[in-house]
Amino acid sequence: MPRKIKIAILFSGNGSNMQNIIETFHQKKIAHESKEYFFEIKGCVCNQKDAFGITRAKNLGIPCLLLPHQDFADRISFDLALEKEIKKMEVDLVVLAGFMRILSKKFCDSFKIINIHPSLLPKYKGANAIIESFESGDREVGVSVHWVNEELDGGAIILQKSFLRMPEDSLEVFSQKIHALEYEIYPEAIKKAIASL
Ligand code: GAR
């Protein structure tokens, strides 16, 4: 019998990584390191009401809860509401896919949480990593998946992949290469994270 793994996905915007994860894992039996897993994406939570990802989740038939952080007085009350909703889903892993909020220590201590970040951490933490990485002039660039703690983009690295940037690449081409690498690395990192739980 494959081990059942339940996942919640949190996002704030476009939701392309969320879509990729749903398409890769939802209701699929997947083998990893000679073990078998059966994945279920229990639901998504979005904190921005105009996020395109809400439409993607709907089209994929995955429940998506809208929890706008602006509706809450402070970070603690938002995080408490989020914690309550995710506890209801009874998931093994919380996957951040472009979820642009720092989470409190209490929230981070309540779940196993992973995040994808579009730079070779610890370089270019924060919300503008692609532009900062592009403008840096670094020859080697890439993406990281890491465990989440209360520090911004700060937990232990699960997987990183890099590529050599082409000097002639525009920001648009550079961003496309970063996103393509994200779609490759996040599913791999999820399997690696699950195997360690
Ligand atoms: C992705 O590039 C992800 O790495 C980044 O937001 C984008 C979301 O795109 N996350 C961060 O910068 C986290 N600090 P998507 O909504 O299309 O998946």
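A quick note: this is a predicted structure, and the numbers were derived from the prediction, not measured.

Student: For this particular structure, what's the right way to read the environment of K105?
Tutor: With respect to the secondary-structure elements, K105 resides in helix α4 (residues 105-110). Judged by its relative accessible area of 46%, K105 falls in the partly exposed class.

Student: Please clarify how helix α5 (residues 129-136) should be interpreted in this entry.
Tutor: Because an α-helix completes one turn every 3.6 residues, residues spaced three or four positions apart along the sequence face the same direction. Taken together, the buried positions of α5 are A129, I130 and S133. Seen from one end, α5 has its buried residues packed into an arc of 100 degrees, which puts them on one side. Here the buried face of α5 lies against β6 (113-117), β7 (140-147) and α6 (171-195). Phi for G137, located one or two positions after α5, is positive at around 85 degrees.

Student: Explain the pairing of β7 to me, please; I cannot follow it from the model alone.
Tutor: In regular strands, side chains alternate between the two faces of the sheet. Within β7, six of the eight residues are buried, leaving the element largely enclosed by the surrounding structure. Of the pairings in the sheet, the one linking β6 to β7 comprises four bridges and is antiparallel in character. Note on β7: the bridge partner recorded for I116 is V145. In this structure, β7 lies alongside strand β8 (residues 157-164), joined through seven bridges in antiparallel fashion. What sits directly across from H146, in β8, is I157.

Definitions and limits used
Residues numbered from 1 in each chain as written. Predicted model: local features only at pLDDT ≥ 70, side-chain atom pairs only at ≥ 80, totals over all residues. Heavy atoms only, no water. Helix = DSSP H or I, 4+ residues; strand = E, 2+ residues; numbered from the N terminus. Buried < 20%, exposed > 50% of the residue type's maximum accessible area, 1.4 Å probe, protein only. Arc of directions from axis to C-beta. Contact = heavy atoms within 4.5 Å. Pairing = 2+ DSSP bridges.

Don't take any of this as a statement about function, it's just geometry.
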